[in-house]
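Single-letter residue listing:
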Amino acid sequence: MKKENIGAELRELNISLLRHLAKNKAKPNKEKPDCPDETRGLQVWVIDYLIKHQDEDVFQRDLEKEFVMRRPTATNFIKKMEQAELIRREPVAYDGRLKKIILTDKAFKLQAGMMAKKQEFETLLRDGLSDEEIGQFITTIQKIKHNLREQ
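These figures come from a predicted structure and were not determined experimentally.

About the thresholds
Residues numbered from 1 in each chain as written. Predicted model: local features only at pLDDT ≥ 70, side-chain atom pairs only at ≥ 80, totals over all residues. Heavy atoms only, no water. Core = buried A, V, L, I, M, F, W, Y, C linked by side-chain atoms within 4.5 Å. Buried < 20%, exposed > 50% of the residue type's maximum accessible area, 1.4 Å probe, protein only. Helix = DSSP H or I, 4+ residues; strand = E, 2+ residues; numbered from the N terminus. Contact = heavy atoms within 4.5 Å. pLDDT = per-residue confidence, 0-100. Expected span 1.5 Å × (residues − 1). Arc of directions from axis to C-beta. 1 Å grid on protein atoms, 1.4 Å probe; cavity = no way out; pocket = protein on both sides within 12 Å on 5 of 7 lines; lining within 4 Å. Points joined across faces, edges and corners; volume = space filled by probe spheres on them. Nonpolar A, V, L, I, M, F, W, Y, C, P; charged D, E, K, R; others polar.

This part covers the nonpolar core. Ile 47, Leu 50, Leu 63, Met 81, Leu 86, Ile 87 and Leu 103 are the most contacted members of the largest nonpolar core, which totals 21 residues. Every element with two or more residues in this core is listed here: helix H2 (42-52), helix H4 (71-83), strand E2 (95-103) and helix H5 (105-126). Per-element accounting of this core gives the leading share, 6 residues, to H2. Aside from chain neighbours lying at most four places away, what touches Ile 87 is Leu 50, Ile 78, Met 81, Glu 82, Ile 101, Ile 102, Leu 103 and Thr 104.

Encoded structure:
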């Protein structure tokens, strides 16, 4: 039996995902005006996260942890989302150093279209896979992520 190289397989999968996303990146669409060009990639996942946690104060550090981002990456990402008017940051009364991240009305209006894009992508990824295969894949990926965090 041939011993597969996990690192090479993950690299190839990553490249395939990036190519698919680049090829299918959001374009202005007259048929789907609720999902414009400026909402793409991780922004969709972050907006979904913020919607699910809208009753809580969410800070940059929460996004860093949830999406495994380093501080400079998160800072630039948040600035871009602010420039796109998808979020705003407001100070909290209990700590002048912290600014919570709040979705704008624009982000809420885009929610349905973004969630449809997210679901289409998930459906594509799951095509031809059984629930058992998906469960095993998720378990395996979580173990690999754990192994990498241990280093």
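And the narrative resumes.
Put simply, the protein has an average pLDDT of 86, and 88% of its residues get 70 or more. Below pLDDT 50 for its whole length, residues 32-38 participates in 18 contacts with residues either more than four positions away or in separate chains.

Here the focus is H4. Taking 1.5 Å as the rise per residue, H4 with 13 residues should run 18 Å; its terminal C-alpha atoms sit 18 Å apart, in good agreement. Every buried residue of H4 is accounted for by Ala 74, Phe 77, Ile 78 and Met 81. Angularly, the buried residues of H4 cover 100 degrees about the axis, an arc narrow enough to put them on a single face. The exposed set on the far side of H4, more than 90 degrees from its buried face, consists of Pro 72, Lys 80 and Gln 83. Tucked inside the fold, the buried residues of H4 contact H2, helix H3 (60-66), strand E1 (87-92) and E2.

Of the pockets and cavities examined, the second largest pocket occupies roughly 240 Å³. Elements supplying a minimum of two residues to the lining of the second largest pocket: helix H1 (6-23) and helix H6 (131-150). For the lining of the second largest pocket, the per-class residue count stands at 6 nonpolar, 1 polar and 2 charged.

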